[in-house]
Amino acid sequence: MTLPIPPRSKTRGGAAYVDVGSGDPLVLIHGVGLRLEAWLPQISALSTDHRVIAIDMPGHGESERLVDDDAPLEAFVAWCGTALDDLGLAEVNLAGHSMGAMIAGGMAATFGQRIKRVALLNGVYRRDDQARAAVIARADAIRAGEIDYDGPLQRWFDASCQASEAYRLTKTLLRQLDPKGYATAYGAFARGDLAFADAWPTVAGPALFLTGEGDPNSTPAMARDMAAAAPAGIGEIIENHRHMVNLTAPQNVNRLLRDWLARTV
């Protein structure tokens, strides 16, 4: 898991990124509270035959914050589009995890054929009222300065993973978060699950929806429902894993991503 990555570069718009390998571009966007290092196994494996560009979300890692502290999900999608422009990327394959998945879905809805393929890992889709109230309450607490570093770990990992390298890396990344950038992103994450929910029937390219069997918030039902709504949707559930499948089940995730990258429809 402690794989070397090159130093970050920055776009003129302030997005920090690493750019590894060559070939068809694959852009990776991590989840809220984390950094691009959450994609270490994918950067290492997929850069052997793709140009992999992993980006820090706004207010995370070394990326600059958004100007608006109350920015909605749509602002994060616009930020991602600007980052692609700054990088000179006309067409990309785009994969996101958790909030990064929400951004990726918004990109597919907004930018059409510019997004050749889209993959949502542990994505959220149409939360029920109880789940929406719980995540909004967490967002409001974070905005008030009450940051619970252990709560995400308890939701994202089961007890058997708590001695793993994946758990230790995730814990380290959470402890490095910028509270202000985290609050802005979490607010968008909490309130953005419906922003692009109706767009999946218009997304023509291969769309992968992958989650862990035991993920309580990015549920298997959500992944299956999104896959059913997209014309070329693929739903995949990784058994015995939760939210951080890209770190806890990297071989399975990398295999599924390779299959997705090879699909034409």
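Everything here concerns the structure above.
Let us look at the structure shown here.

The next point concerns the packing of helix α2 (residues 73-86) against helix α3 (residues 99-111). Interaxial distance between α2 and α3 falls to 9 Å at its minimum, and their mutual angle equals 70°. It follows from the interaxial angle that α2 and α3 lie roughly perpendicular. Contact with α2, carried on its side by Leu 73, Phe 76, Val 77, Cys 80, Gly 81 and Leu 84, involves Met 99, Met 102, Ile 103, Gly 106, Met 107, Thr 110 and Phe 111 of α3 and no other residues of that element. Broken down by class, the residue content of the contact of α2 with α3 amounts to 10 nonpolar, three polar and no charged.

What the rule picks out here adds up to 19 salt bridges. Across the pair Lys 180 and Asp 69 runs a salt bridge, and its minimum N-O distance is 3.8 Å. Residue Lys 180 is found in helix α7 (residues 179-191), and its partner Asp 69 is found in the loop between β4 (51-55) and α2; the two are separated by 111 residues along the sequence. Asp 69 sits in the partly exposed class, given a relative accessible area of 31%. A single salt-bridge network, built from bridges that share partners, covers Arg 8, Arg 35, Glu 37 and Asp 56.

Let's shift gears to unusual backbone geometry. With a phi angle near 55°, Asn 122 is a residue other than glycine that sits in the positive phi range. The exposure class assigned to Asn 122 is buried, which follows from its relative accessible area of 0%. One non-glycine residue with positive phi stands out, namely Arg 126, at about 50°. Residue placement: Arg 126 occurs in the loop between β6 (115-121) and α4 (129-143).

Moving on: the environment of Gly 192. Considering the arrangement of structural elements, one finds Gly 192 in the loop between α7 and β7 (207-212). Under the relative-accessibility criterion, Gly 192 is labelled buried at 5%. Separated by 118 residues in the primary sequence, Gly 192 and Glu 74 have C-alpha atoms spaced 8.2 Å apart. Ignoring any residue separated from it by four or fewer positions in sequence, one finds Gly 192 in contact with Leu 73 and Met 102.

Tallied over the entire structure, the rule returns four aromatic pairs. Their ring planes at 70° and their centres at 5.2 Å tell us that Phe 157 and Tyr 167 sit as a pair that is edge-to-face. Highlighted residues: Phe 157 in the loop between α5 (150-156) and α6 (165-175) and Tyr 167 in helix α6, separated in sequence by 10 residues. The two residues Phe 157 and Tyr 167 agree in class, both being buried. By way of ring pairs, the aromatic residues Tyr 182, Tyr 186 and Phe 189 are connected into one cluster. Here the basic side chain of Arg 127 rests over the ring of Phe 189, its NZ or CZ set 4.8 Å away from the ring centre.

Rules and cut-offs
Every chain's residues receive numbers from 1 upward, in the order its sequence appears when written. Where local features are concerned, this predicted model is filtered to residues with pLDDT of at least 70; where side-chain atom pairs are given and counted, the filter is 80 or more; whole-chain, interface and lining totals use all residues. Computation of side-chain values covers all heavy atoms of the structure but excludes hydrogens and water. A fitted line through C-alpha atoms serves as each axis, taken over the contacting stretch for helices, and the angle formed by two N-to-C directions is quoted from 0 to 180°. Strands are runs of DSSP state E lasting at least 2 residues, helices are runs of H or I lasting at least 4, and numbering of each runs from the N terminus. These descriptions rest on fixed angle ranges, namely under 35 degrees for roughly parallel, over 145 for roughly antiparallel, 65 to 115 for roughly perpendicular, and the rest for oblique. Contact between two residues is taken to exist if any of their heavy atoms lie within 4.5 Å; hydrogens are not considered. When residue character is reported, Ala, Val, Leu, Ile, Met, Phe, Trp, Tyr, Cys and Pro are called nonpolar, Asp, Glu, Lys and Arg charged, and the others, Gly included, polar. The rule for a salt bridge is simple: a side-chain nitrogen of Lys or Arg has to be within 4 Å of a carboxyl oxygen of Asp or Glu. The buried label goes to any residue with under 20% of its type's maximum accessible area, the exposed label to any with over 50%, and the partly exposed label to all in between, with areas taken from a 1.4 Å probe on protein chains only. Ring pairs are drawn from Phe, Tyr and Trp, using the six-membered ring of Trp, whenever the two centres fall within 6.5 Å, and their geometry is named by plane angle: stacked under 30 degrees, edge-to-face over 60, tilted for the rest. When the NZ atom of lysine or the CZ atom of arginine is within 6 Å of a ring's centre and also within 35 degrees of its normal, the charge is said to sit over that ring.

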